[in-house]
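Listed below, chain by chain, are the residues.
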Amino acid sequence: MAYLKCGTVASIMENIAPKRLAENWDNVGLIIGDSSSSIKKIMVCLDLPAWVVDEAIDANVDMIITHHPIIFNPIKKISNDTALGKKIMKLIKNNISVYTSHTNFDIAQGGLNDIFARQLGFVKTNIMKTMIEEKLYKIITYVPEGFEDKVLEQMCKAGAGFIGNYSDCSFRVKGIGAFKPQQGTNPYIGEVGKLEKVNEYRVETVVPEDLLNSVIKAMHKAHPYEEVAFDIFELKNKGKSMGLGRIGHLENKVTLVSYAKFVKTTLELDKVTFSGPPEAEIKTVALLNGSGNSFISAAKFSGADVLITGDLQYHQIIDALEEGIYVIDAGHFGTEKIMIKAISDYLRTTLETLGYNAEIIESKSNIDVTMHI
Ligand SMILES: [Zn+2]
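Criteria and thresholds
Residues numbered from 1 in each chain as written. Predicted model: local features only at pLDDT ≥ 70, side-chain atom pairs only at ≥ 80, totals over all residues. Heavy atoms only, no water. Pairing = 2+ DSSP bridges. Helix = DSSP H or I, 4+ residues; strand = E, 2+ residues; numbered from the N terminus. Axes fitted to C-alpha atoms, helices over the stretch in contact; angles between N-to-C directions. Contact = heavy atoms within 4.5 Å. Buried < 20%, exposed > 50% of the residue type's maximum accessible area, 1.4 Å probe, protein only. Donors = N, O, S within 2.8 Å, 3.2 Å for Na, K, Ca; no water. Tetrahedral: all angles 85-135°; square planar, octahedral: opposite > 155°, others 65-115°. Parallel < 35°, antiparallel > 145°, perpendicular 65-115°, else oblique. Nonpolar A, V, L, I, M, F, W, Y, C, P; charged D, E, K, R; others polar. 1 Å grid on protein atoms, 1.4 Å probe; cavity = no way out; pocket = protein on both sides within 12 Å on 5 of 7 lines; lining within 4 Å. Points joined across faces, edges and corners; volume = space filled by probe spheres on them. Domains from an automatic or database assignment. Phe/Tyr/Trp six-rings, centres within 6.5 Å; stacked < 30°, edge-to-face > 60°. Lys NZ or Arg CZ within 6 Å of the ring centre and 35° of its normal.

Draft legend 1. Quick look at the sheet that holds strand β4 (residues 97–100). Reading across the sheet, the five strands line up as β1-β4-β3-β2-β13 and stay open at both edges, with mixed pairing between neighbours. Strands with a single pairing partner mark the edges of an open sheet, and in this sheet they are β1 (29–32) and β13 (359–362). Sheet twist, expressed as the mean angle between neighbouring strand axes with direction ignored, is 25°. Sheet topology places strand β2 (residues 41–45) next to β13; four bridges connect them, and they run parallel. Across the sheet, residue M43 finds its bridge partner in β13, namely I361. Set on the sheet, helix α2 (residues 50–58) makes contact with β2, β3 (63–66) and β13; between it and β2 the angle comes to about 160°. Running at roughly 175° to β13, helix α12 (residues 338–354) makes contact with β2, β3 and β13 of the sheet.

Draft legend 2. Representation of unusual backbone geometry. Positive phi values are uncommon outside glycine, yet N60 reaches one of about 55°. Position of N60 relative to the elements: it lies in the loop between α2 and β3. Look at N60 and you get exposed, because its relative accessible area is 61%. Of note in this structure, D168 is not a glycine but carries a positive phi near 55°.

Draft legend 3. Quick peek at the coordination of the zinc ion. Protein-derived coordination of the zinc ion comes from H68 (NE2), H332 (NE2), E336 (OE) and E336 (OE), at a distance range of 2.1 to 2.8 Å. Of note is the zinc ion, whose four donor atoms meet at the metal with angles of 51 to 129° in an arrangement that counts as irregular. Sequence spacing among the residues donating to the zinc ion works out to H-x263-H-x3-E. With H68 in the loop between β3 and α3 (83–93) and H332 in helix α11 (residues 332–336), the pair connects residues that are 264 residues apart, well separated along the chain. For H332, a relative accessible area of 24% puts it in the partly exposed group.

Draft legend 4. How the structure looks around the packing of α2 against α3. Two elements in contact, α2 and α3, have axes separated by 10 Å at closest approach and are oriented at 10°. Classified by the angle their axes make, α2 and α3 are roughly parallel. Contact residues: α2 offers A50, V53, D54 and I57, while α3 offers K87, K90 and L91. Here the contact of α2 with α3 is built from residues that sort into four nonpolar, no polar and three charged.

Draft legend 5. Structural detail: the layout of surface pockets. One number sums up the size of the largest pocket: a volume of about 920 Å³. What lines the largest pocket is a set of 33 residues, among which E134, F162, P208, L211 and K240 lie closest to the centre. Among the elements of the structure, α1 (6–16), β5 (125–144), β6 (170–179), β7 (196–208) and β8 (230–255) are those that each provide at least two residues to the lining of the largest pocket. Looking at the lining of the largest pocket element by element, the count peaks at six residues for β8. Of the residues contributing to the lining of the largest pocket, the split by class is 15 nonpolar, ten polar and eight charged. Here the lining of the largest pocket gathers at least three residues from each of two domains, domain 1 (6–106 + 337–362) and domain 3 (133–240). Put simply, the second largest pocket is a space of about 540 Å³. Sorting elements by how many residues they give to the lining of the second largest pocket places α11 first, with three residues.

Draft legend 6. Summary view of the domain arrangement of the chain. The domain architecture assigned to the chain consists of domain 1 (6–106 + 337–362), domain 2 (109–130 + 243–336) and domain 3 (133–240). Distance between the C-alpha centres of domain 2 and domain 3: 46 Å.

Draft legend 7. Here's a closer look at the packing of aromatic side chains. Summed over the entire model, instances satisfying the criterion amount to four aromatic pairs. On the numbers, 6.0 Å between centres and 70° between planes, the contact of W25 with F72 is edge-to-face. Here the residue W25 occupies a position in the loop between α1 and β1, and F72 occupies one in the loop between β3 and α3, the gap between them amounting to 47 residues. Residue W25 is classed as partly exposed on the basis of its relative accessible area, which comes to 47%. Ring plane angle 90° and centroid distance 5.8 Å describe the contact between F147 and Y188, whose orientation is recorded as edge-to-face. Residue F147 is found in the loop between β5 and α6 (148–157), and its partner Y188 is found in the loop between β6 and β7; the two are separated by 41 residues along the sequence. When its relative accessible area of 23% is taken as the criterion, F147 is described as partly exposed. Across the ring face of F295, the terminal group of K129 is positioned such that the distance to the ring centre comes to 5.1 Å.

Draft legend 8. Fine view of the sheet that holds strand β11 (residues 306–310). The eight strands are arranged β6-β7-β5-β8-β10-β11-β12-β9 in an open sheet whose pairing can be described as mixed. The sheet is open, and its two borders are formed by β6 and β9 (273–275), each paired with just one other strand. With strand direction ignored, the average angle separating the axes of adjacent strands in the sheet is 25°. With ten bridges connecting them, β6 and β7 associate as antiparallel partners. Of the residues in β7, the one forming a bridge with G177 is V198. Sitting on the sheet, helix α5 (residues 112–119) is in contact with β5, β8, β10 (281–291) and β11, with an inclination near 145° to β10.

Listed below in structure tokens is the structure:
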């Protein structure tokens, strides 16, 4: 079994929730810790209050993955005088690293918004508020005849060649490549000082910005030449769109009250609140896990009959009804607690596939602190 480092866990998290997707006010990534430290046990939680820190220490955890950042606003002091200072000192003293994927995990394809949408039975899902449109690049390289399939295969394995739902998309054309190796070179074909003409393929494919470096690395590894000739162009075509919130259609029309009950049962909650006529029919649903006050207009604009979210305030609920959209409030914790299982399952599967032996536990003390009587 391979030795697992904190930095490796961070990279694995980065694959499911790239940091560049986070909102600019957010604080994500490795917030406390040493990326070279050894990791044997990881705990996943939504929040990191004092009692969850104690749980992690008792459980001999080396790393904690959270959704909400432990440090959000800049701090000037770390001391035992504040609850936050105490927590940070405890975590450092106990060699516990803390990594956070927050709005980047909400926004990411397959992230928290998408998991939530699947759980609520959305048939077809669209983004409620587009925030990022992926940049695409064309990469072209020149490969001696006989190596074109191998080079393209490795580039596509590294993430090149996706157009919509088609993978391994490429184009190739045969031609003559010419070069003269200079002193100090070790050419795969040809001799120093002699102009060489070789049957080559010009192969080209498309790659999204965040995978460009991995694809270039894969191309170099698979290419037989000492000096690889390649061109990269930024394309006007846009790649995948990513953003916050999801709009989905239900298979059949249902009443608001029956859908509110479904949300309560599905999310295993003690209560949900809803506003709107109980017997009103709904078919198009918007969701945003966490705090959705500022998404009421976006939900209405997207054609939703109802918005499911958390943390709704009295005046915003009235505004929503005036705008002609109903709301279901399933709570901040209620709409985000699914993150704990989702990230735990993802880490277990990925670490096992990569051959790492680390234990993943889900926090038991990170519960909804709001009681209902
Ligand atoms: Zn949240």
